[in-house]
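Tertiary structure, described
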Amino acid sequence: MNRIRLLPDHVANQIAAGEVVERPASVVKELVENALDADAHRVTVEIGAGGRSLIRVTDDGYGMSRDDALLCLERHATSKIRKAEDLSAITTMGFRGEALPSIASISRFTLTSRERDETTGEGTSVIVQGGRIAEVRAAANPHGTSIEARSLFFNLPARRKFLRSEETERSHIQHYLVLAALGHPHVGFTFISDGRLVWQLPPLPAETTAHRLDALRDRLRQLHGGNTQWVPVDFSSQIEEAPGGDDPEVPVLREPIASHFRLWGLIGAPGASRATRDEQHLFVNRRPIENRGLNHALLEGYHTALMKGRYPVCCLFLEIDPAAVDVNIHPAKREVKFREEGTVRRLVAKGVRDALLQFARQQERPAEMPAQAVPAAQAVVQGPRDRSDRTDPSDPSDQSDLPRPRPPAPVPPPTAPPPPLTPPAPESTPLLPAFAPAPRPMVASPAANTPLLSIPLRLVGVIGRLYVVLESDRGLVLLDQHAAHERILFEQMLDRMEQAEQAPSQRLLLPETLEVSIRDADFVRRHLSILNRLGVSLREFGERTFLLDALPPFIRVSDPRRFTLDLVDALKAAGTTVNTLRVGEEMVAKTVCRHAVKANDPLRGPELEKLVDDLRNCQMPYTCPHGRPTLIEMGWRELERRFGRVQ
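A brief report on the enclosed structure follows.

Conventions adopted
Residues numbered from 1 in each chain as written. Predicted model: local features only at pLDDT ≥ 70, side-chain atom pairs only at ≥ 80, totals over all residues. Heavy atoms only, no water. Helix = DSSP H or I, 4+ residues; strand = E, 2+ residues; numbered from the N terminus. Buried < 20%, exposed > 50% of the residue type's maximum accessible area, 1.4 Å probe, protein only. Contact = heavy atoms within 4.5 Å. Areas by Shrake-Rupley, 256 points an atom, 1.4 Å probe, with all protein chains shown as cover. Salt bridge = Lys/Arg side-chain N within 4 Å of Asp/Glu carboxyl O. Pairing = 2+ DSSP bridges. Axes fitted to C-alpha atoms, helices over the stretch in contact; angles between N-to-C directions. Parallel < 35°, antiparallel > 145°, perpendicular 65-115°, else oblique. Left-handed = near helix turned anticlockwise from the far one by under 90°. Lys, Arg positive; Asp, Glu negative; His and termini not counted. Polar contact = N/O pair within 3.5 Å; in protein donor to acceptor, adjacent residues only side chain to side chain. Core = buried A, V, L, I, M, F, W, Y, C linked by side-chain atoms within 4.5 Å. Phe/Tyr/Trp six-rings, centres within 6.5 Å; stacked < 30°, edge-to-face > 60°.

Focus on the overall build of the protein
Of the regular secondary structure elements, the protein holds 16 helices and 24 strands. Put simply, the protein has 647 residues, and 48% of those count as buried. Residue pairs in contact within the protein that sit at least 24 positions apart in sequence constitute 72% of those at least 6 positions apart. A total accessible area of about 32,800 Å² is found for the protein, and carbon and sulfur atoms account for 52% of it.

Some thoughts on the pattern of salt bridges
Applying the stated criterion to the full structure yields 28 salt bridges. D234 serves as the salt-bridge partner of R262, at 3.1 Å between the closest nitrogen and oxygen. Of the two residues, R262 sits in strand β10 (residues 257-268) while D234 sits in strand β9 (residues 230-241), which places them 28 residues apart along the sequence. Exposure remark for D234: the relative accessible area of 48% places this residue in the partly exposed category. Look at the salt bridges and you will find they share partners, linking E46, R56, E148 and R150 into a network.

Details of the pairing of strand β8 (residues 196-201)
Across five bridges, strand β7 (residues 188-193) lies against β8 in antiparallel orientation. Looking at the pairing, F189 lines up with L201 of β8. Hairpin connection from β7 to β8: two residues lie between these consecutive antiparallel strands, with D194 at a positive phi of about 55°.

Quick word on the packing of helix α6 (residues 166-183) against helix α7 (residues 209-224)
Relative to each other, α6 and α7 sit at 160°, their axes nearing to 9 Å. Classed by the angle they form, the pair α6 and α7 counts as roughly antiparallel. Crossing geometry of α6 relative to α7 is assigned as right-handed. On the side of α6, the interface is formed by V178, A181 and L182, while α7 contributes L216, R219, L220, L223 and H224.

Some details on the side chain of D59
Structurally, the position occupied by D59 is in strand β2 (residues 54-59). Buried within the structure, D59 lacks any salt-bridge partner; its nearest side chain of opposite charge belongs to R116, at an N-O separation of 6.7 Å. Of the polar contacts made by the side chain of D59, one reaches the backbone nitrogen of G61; its length is 2.8 Å. Sequence-distant contacts of D59, that is, excluding residues within four places in its chain, are made with A35, A40, R42, V43, H143, G144 and T145.

Structural notes on the pairing of strand β23 (residues 545-551)
In terms of burial, β23 is largely enclosed, as seven of its seven residues are buried. Where strand β21 (residues 506-515) meets β23, six bridges bridge the pair, whose relative direction is antiparallel. Bridged to E512 within β23 is L548. Pairing of strand β22 (residues 537-540) with β23 involves four bridges; the strand directions are antiparallel.

Section: the side chain of N141
Here N141 lies in the loop between β5 (132-140) and β6 (144-150). With near-sequence residues (within four places) excluded, N141 lies in contact with T112, S113, R114 and G121.

Some remarks on the nonpolar core
Ranked by internal contacts, the top residues of the largest apolar core, which has 59 residues, are I267 and L318. Counting residues per element, this core draws most heavily on helix α9 (residues 341-361), which supplies 10 residues. If sequence neighbours within four positions are ignored, I267 has contacts with Q229, W230, V231, V233, Y302, V313, C314, L316, V352, A355 and L356.

What to know about the sheet that holds β2
Strand order across the open sheet formed by eight strands is β5-β4-β3-β6-β2-β1-β7-β8, with mixed pairing between neighbours. The two strands at the open ends of the sheet, each matched to only one other strand, are β5 and β8. With direction set aside, neighbouring strand axes in the sheet form an average angle of 10°. Judged from the six bridges that link them, strand β1 (residues 42-48) and β2 form a sheet pairing that is antiparallel. Bridge pairing links T44 to T58 in β2.

Concerning the packing of aromatic side chains
Where two aromatic rings form a pair, the distance of their centres and the angle of their planes describe that pair. Taken as a whole and judged by the stated rule, the model has five aromatic pairs. A centroid spacing of 6.4 Å and a plane angle of 75° characterise the contact between F235 and F261, whose relative ring orientation is edge-to-face. Here F235, found in strand β9, pairs with F261, found in strand β10; they are 26 residues apart in sequence, far enough to count as distant. When the ring of F283 is compared with that of F317, the centres are 4.7 Å apart and the planes differ by 10°; the resulting orientation is stacked. Linking F283 in strand β12 (residues 280-284) with F317 in strand β15 (residues 314-320), this pair joins segments that are 34 residues apart in sequence. Note on accessibility: F283 and F317 belong to one class, buried. One aromatic cluster is present, built from ring pairs that chain together W264, F283 and F317.

Section: the environment of L213
With respect to the element layout, L213 can be found in helix α7. Look at L213 and you get buried, because its relative accessible area is 12%. It is 7.4 Å that separates the C-alpha atoms of L213 and P232, two residues lying 19 residues apart in sequence.

Note that every value here comes from positions in space, so none of it alone points to a role or purpose.
Okay, structure coming up:
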């Protein structure tokens, strides 16, 4: 008897189902992807018992003829690709042709379909029991396809007992449907669980970029609520690669191939974050994917705009040449691999960073205020001025005596914007008369998505000698003077480092020897120029030994060797995907934290004026270098709700 023999088709399909169908959510994913590939405008998903007893997906797509309905149940039967070269240009969600036969082999399966241009109204129904076709008959059906899978894993009890509770399986299905609805806002989705309507999302227009962003914002509001402030992203670039570069047999061509790269979508404004990555939705060519490199790129783009241990929220779409991404490395197509991984990461980080900087720089000229609307004693802080007004970053000031906010500039001529705020009152008198609140300005409130520092602010006072109280046309604003000053000093110090191309160094009284492993020695040797640029003077002193004789003057450490080793570890972790100065930013952040104004440091009117003015001129003014907020806003409606004036 031969040892090697061919497996029966139904057994082979069940083995394939082990890769394709992990749980009921996998069935929903495959069927919904087929519906989207069939140009469906509406998709309805019905489940029972968390998908164990029933999964039914109905669409209004192209539909299938009788022959196609039978052929689609054969393994590797697909309409998506025809030759091997098509694998480098995949633009559909599915393409392998394994899903339907695999699902049919482990369920009581019914497929009913009618082509969109079929005028007789007659469709085809195919009934499959455990992978074997039981009946094929004509059936009345609207155009499109309806697929029903009952009693999942009924013939594989070992797989069925590994399913989780009904609620857990239902949550997995709902999570995938959230991704599908976000990825295709132009498609209407209906979700029914155990006969109860969970949601019904109408299709939204998405012809232009503006429409797509509006539709995406509406979908996010419908699925996640409307409390998050979103920042739009629309970034395009080119990815250049030399063909044959990965293959030693193929010579590298001198003329590189350029493929298009576009990143668009919505990201949370600074301060909008979660403790997990659950609300990071990433799509590559409309396919929801998991990619740790893109997660790191997103964090890199938010650098210093998030607190440690917090993660940004986003819904981002990456559009790239299909030949530059491999979607065929995972059986369930959850993961993808980029040909130019490092370049994609850098471009994603840059796109996110540019969007956040643009959000911070947005400026709307404040509306004209009637003279009687604001008391004369309440001056207005206007929008950001040109960055050329900032202190010269090359000013050789002592780093150990960092600048405090400076006195205000002279009053501009009448043609310029209104003057900055004036001191609210001498320290010896009350900031505001008792029981004499300032009237609410009689101007139209700025849009809620206008950056806070781009609208007029009126100084009210300081509480706790830490929190500056301001009033805007939208409500109450609190400013943390320590966090704000930290951000100002942080960017000023980085400007000095970037302008000088070399951080200052201060010689150690006694040089230190640094002995490292062979691997670390090679790394340090290759990155000596970067370390020297950061102000850390290292010289080779043997095969695995280096001589440390200088550190930046603003570094105060008791163990220079340990500090340098930590800096080397940070440089290794950063790799080549970030700015080389980035590894020095942590020590700069710690330095400015020590030198920034603290709680109980009294600041008078001119100093508060300069603090707000300098904060407006920062690139990322809404968080300190550690990611904590510098400003907190409470709108009029929130105040009225807290006082019981509205429900």
